[in-house]
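Here's the letter readout for the chains.
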2 protein chains.
Amino acid sequence: MTGKLTIVGTGPGNPGQVTQQALGAIAASDVFFGYGPYLDRLTLRPDQVRMASDNREEIDRARAALDAASKGAAVCVVSGGDPGVFAMAAAICEAVEHGPETWRRLDIEILPGVTAMLAVAARAGAPLGHDFCAISLSDNLKPWELIERRLRAVAEAGLVIALYNPISRARPWQLPTAYKILREVLPVTTPVVLGRAVGRPDEHFIVVPLGEAEHHSADMATCVIIGSADTRVIERPGMDPLVYSPRGSG
Amino acid sequence: MTGKLTIVGTGPGNPGQVTQQALGAIAASDVFFGYGPYLDRLTLRPDQVRMASDNREEIDRARAALDAASKGAAVCVVSGGDPGVFAMAAAICEAVEHGPETWRRLDIEILPGVTAMLAVAARAGAPLGHDFCAISLSDNLKPWELIERRLRAVAEAGLVIALYNPISRARPWQLPTAYKILREVLPVTTPVVLGRAVGRPDEHFIVVPLGEAEHHSADMATCVIIGSADTRVIERPGMDPLVYSPRGSG
């Protein structure tokens, strides 16, 4: 007997930003694997089973989910945002590659979602309106020197930069160091957008120039968008400004 | 009297990939501006008005939508995918910046959606599982030399690359040229994913090595994802392979 494994993204946190397709997959699943706070967002029936785990145990969680599916369960692996962007889909693929042959025969379906940078960008205007990139500042799995090299390369190439996992209690210095590197390439007036829990009651959202960005707080759930030299800020009376990157920048 | 302007993304085309929030905004709007085929995806009531236009008239469409909202209408501007990624949100911001002062007082709301690269990535596995970028190959609004420079910079930096607007009848040579540049930096075995209309009945989806990519067709609606040197392909019996970029690549 073979089950099914579906990987869903629940969006950035606003319940209205989950797709119908993800809601359908959640309703059709028996067992749910994910980081506790993401599972807490779901409304499950009494017959549906929660297997919550810590945020840092992605590979163990992936193996446990694949094992349950190979025993016949309809398994749902739950990510925040989009499961393919710094989230569970890559961990599941990695576990399949290095796992038993039977896992390659499993029915695995990945459903896309709204990733954090898109929600923060929409709140701000259109800062991702021209070429852009997404870089994780976590050096748990890659060397910091590589992250520095990438930041310099993309800023010099004129891409807008979305930073994921910018800072945590165990990694307090990466975000200020990233700002410092970017100030060597970009004007200090470059717009920076910091967004956390956008669209939720505890939203934190601010637009600041790169030269002042490090005086504003961020945490692991903040998405930081650094404009290019072409990114514009339109002031509006009584409202947040509109931040956008013109379509033809360069 | 002042209206409201909402910019929504309808996702990559699968109706299940629209968010609840976008559906709510569509139900609450009076007048709809957008490229005809995107408007065709909506189910509108008889009292709701369609203002379809050609795909290349983004700024004119933005101005018409802002004008209608400033006259009191509840206006909805409709993009495919996410409105902030190579779509209408930047055109609206550009029109506001260069338009009359009254447009800066308008209530403008942008709602995020699932952009094409996320849907194509989900169909393939997790090719965007580590640092990545999104680059438009259209040189209608930026010089081709800049696009070439960006392609080289991001490939050398080890980012996965999602190409938007890869080719059109008026621009047949950009995609083959992009492949040629990328072959100078990346191994010819680098996995390339071509996805079009993913999740729709007319889906086109294929995984090929970079060295053979130019023999496979693409059009304006195809999203092309070029892996990094670390991107992996897991073969599976009787199924499409899983393509993924390990979380710690570098």
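Residues numbered from 1 in each chain as written. Chains lettered and ligands numbered in written order. Predicted model: local features only at pLDDT ≥ 70, side-chain atom pairs only at ≥ 80, totals over all residues. Heavy atoms only, no water.

Comments concerning the sheet that holds strand E13 (residues 239–244) of chain B
Phase 1 of the analysis: Spatial strand order, E6-E13-E12 (chain B): three strands in an open sheet with mixed pairing. Only two strands of the sheet have a single neighbouring strand rather than two, namely strand E6 (125–126) and strand E12 (232–236) of chain B.
Phase 2 of the analysis: Sheet topology note: the E6 of chain B/E13 of chain B ladder contains two bridges and is parallel. Within E13 of chain B, the position partnered with alanine 126 of chain B by the bridge is tyrosine 244 of chain B.
Phase 3 of the analysis: Across the sheet, helix H4 (residues 88–98) of chain A lies against E6, E12 and E13 of chain B, angled at about 115 degrees from E13 of chain B, the strand it touches most. (Pairing = 2+ DSSP bridges. Helix = DSSP H or I, 4+ residues; strand = E, 2+ residues; numbered from the N terminus. Contact = heavy atoms within 4.5 Å. Axes fitted to C-alpha atoms, helices over the stretch in contact; angles between N-to-C directions.)

Examining the environment of isoleucine 226 of chain B
Residue and element names in this part refer to chain B.
Phase 1 of the analysis: Relative to the helices and strands, isoleucine 226 resides in strand E11 (residues 222–226).
Phase 2 of the analysis: Overall, the relative accessible area of 0% leaves isoleucine 226 in the buried class.
Phase 3 of the analysis: Along the primary structure isoleucine 226 and methionine 117 are separated by 109 residues, whereas in three dimensions their C-alpha atoms are 11 Å apart.
Phase 4 of the analysis: Discounting residues that sit within four places of it in the chain, isoleucine 226 has contacts with Val160, Ile161, Leu163, Tyr179, Leu182, Leu186, Thr190, Pro191 and Val192. (Buried < 20%, exposed > 50% of the residue type's maximum accessible area, 1.4 Å probe, protein only.)

Regarding the UniProt feature "domain: Tetrapyrrole methylase" (unreviewed entry) in chain A
Phase 1 of the analysis: Here, UniProt's "domain: Tetrapyrrole methylase" (unreviewed entry) annotation points to residues 4–213 of chain A.
Phase 2 of the analysis: Here residues 4–213 of chain A is 33% helix and 24% strand, with 45 Å between the C-alpha atoms at its ends. (UniProt positions renumbered as here; feature names shortened; annotations may be inferred.)

A closer look at the relation of the copies chain B and chain A
One copy of the chain maps onto the second through a rotation about an axis and a displacement along it.
Phase 1 of the analysis: The transformation that overlays chain B on chain A combines an axial shift of 0.0 Å with a rotation of 180 degrees, and the residual RMSD is 0.0 Å. Such a combination of rotation and displacement between the chain copies is what one expects of a two-fold axis. Taking the C-alpha atom as reference, chain B places cysteine 133 of chain B closest to the rotation axis, 1.9 Å from it.
Phase 2 of the analysis: A shared binding surface is used by both copies, with 100% of the interface residues of chain B retained as interface residues in chain A. (Least-squares fit on C-alpha atoms with pLDDT ≥ 70 in both.)

Overview of the domain arrangement of chain A
A common way to express how large an interface is: the accessible area buried when the components associate.
Residue and element names in this part refer to chain A.
Phase 1 of the analysis: When cut into domains, chain A gives domain 1 (4–110) and domain 2 (116–244).
Phase 2 of the analysis: Computed from C-alpha atoms alone, the centre-to-centre distance between domain 1 and domain 2 is 28 Å.
Phase 3 of the analysis: With seven residues of domain 1 at the contact, the number on the domain 2 side is nine residues.
Phase 4 of the analysis: Across the domain 1/domain 2 interface, buried area totals approximately 660 Å², and carbon plus sulfur atoms make up 63% of it. (Domains from an automatic or database assignment. Buried area = accessible area lost by both parts, 1.4 Å probe.)

Here's the deal with the pairing of strand E5 (residues 107–110) of chain B
Residue and element names in this part refer to chain B.
Phase 1 of the analysis: By the alternation rule, side chains of E5 split into Ile108 and Ile110, which are all buried, and Asp107 and Glu109, of which none is buried.
Phase 2 of the analysis: Two elements, strand E1 (residues 4–9) and E5, share four bridges in a ladder whose sense is parallel. What sits directly across from threonine 6, in E5, is glutamate 109.

Some details on helix H1 (residues 20–27) of chain B
Residue and element names in this part refer to chain B.
Phase 1 of the analysis: Listed as buried for H1 are Ala22, Ala25 and Ile26. For H1, the arc enclosing every buried residue in end-on projection is 100 degrees, short of the 170-degree limit, so these residues lie on one face.
Phase 2 of the analysis: For H1, the elements touching its buried residues are E1, strand E2 (31–35) and strand E4 (74–79). (Arc of directions from axis to C-beta.)

Topic: the packing of helix H3 (residues 58–70) of chain A against H4 of chain A
Residues and elements named next belong to chain A.
Phase 1 of the analysis: At a minimum axis separation of 9 Å, H3 and H4 run at an interaxial angle of 65 degrees. Judged on the interaxial angle alone, H4 and H3 are roughly perpendicular. With respect to the hand of their crossing, H3 and H4 are arranged in right-handed fashion. When H3 is examined against H4, the residues Glu58, Ile59, Arg61, Ala62, Arg63 and Leu66 are found in contact with a partner set consisting of Met88, Ala91, Ile92, Glu94, Ala95 and Val96.
Phase 2 of the analysis: The residue makeup of the contact of H3 with H4, split by class, is eight nonpolar, no polar and four charged. (Parallel < 35°, antiparallel > 145°, perpendicular 65-115°, else oblique. Left-handed = near helix turned anticlockwise from the far one by under 90°. Nonpolar A, V, L, I, M, F, W, Y, C, P; charged D, E, K, R; others polar.)

Description of the nonpolar core
Across soluble globular proteins, you tend to see nonpolar side chains buried next to one another.
Phase 1 of the analysis: The biggest cluster of nonpolar side chains holds 54 residues, and the ones touching the most others in it are Leu151 of chain A together with Leu151 of chain B.
Phase 2 of the analysis: Excluding its chain neighbours within four sequence positions, the residues that come into contact with leucine 151 of chain B are Ile135, Leu137, Ile161, Leu163, Ala178, Ile181 and Leu182 of chain B. (Core = buried A, V, L, I, M, F, W, Y, C linked by side-chain atoms within 4.5 Å.)

Some words on the packing of aromatic side chains
Phase 1 of the analysis: Evaluation of the coordinates by the stated rule reveals eight aromatic pairs over all chains.
Phase 2 of the analysis: Ring geometry for tryptophan 144 of chain A and tryptophan 173 of chain A: centres 5.1 Å apart, planes at 75 degrees, overall edge-to-face. Highlighted residues: tryptophan 144 of chain A in helix H6 (residues 144–156) and tryptophan 173 of chain A in the loop between strand E8 (160–164) and helix H7 (174–185), separated in sequence by 29 residues.
Phase 3 of the analysis: Since its relative accessible area comes to 8%, tryptophan 144 of chain A is described here as buried.
Phase 4 of the analysis: Of the residues examined, tryptophan 173 of chain A reaches a relative accessible area of 41% and is grouped as partly exposed.
Phase 5 of the analysis: Relative to tyrosine 164 of chain B, the ring of phenylalanine 86 of chain B has its centre 5.1 Å away and its plane inclined at 50 degrees; by these criteria the two rings are tilted. (Phe/Tyr/Trp six-rings, centres within 6.5 Å; stacked < 30°, edge-to-face > 60°.)

So, the interface of chain B and chain A
Phase 1 of the analysis: Listed by partner, the interface residues are 72 residues for chain B and 72 residues for chain A.
Phase 2 of the analysis: When the buried area of chain B at its contact with chain A is split by residue, Asp131, Arg150 and Arg247 of chain B rank highest and sum to 13% of it.
Phase 3 of the analysis: One can count 10 salt bridges joining chain B with chain A.
Phase 4 of the analysis: Where aspartate 131 of chain A meets lysine 142 of chain B, a salt bridge forms, and the shortest distance between an N and an O atom there is 2.6 Å.
Phase 5 of the analysis: At the junction of chain B with chain A, the criterion picks out 28 residue pairs in polar contact (both at pLDDT 80 or more).
Phase 6 of the analysis: Considering every element that reaches the side of chain B that touches chain A, the biggest residue donor is helix H4 (residues 88–98) of chain B, with eight residues.
Phase 7 of the analysis: Of the residues in the side of chain B that touches chain A, the class split is 38 nonpolar, 19 polar and 15 charged. (Salt bridge = Lys/Arg side-chain N within 4 Å of Asp/Glu carboxyl O. Polar contact = N/O pair within 3.5 Å; in protein donor to acceptor, adjacent residues only side chain to side chain.)

Here's the deal with H4 of chain B
Phase 1 of the analysis: Counting buried positions over the 11 residues of H4 of chain B gives 10, a clear majority of the element.
Phase 2 of the analysis: Taken as a whole, H4 of chain B has its buried residues at Met88, Ala89, Ala90, Ala91, Ile92, Cys93, Glu94, Ala95, Val96 and Glu97 of chain B.

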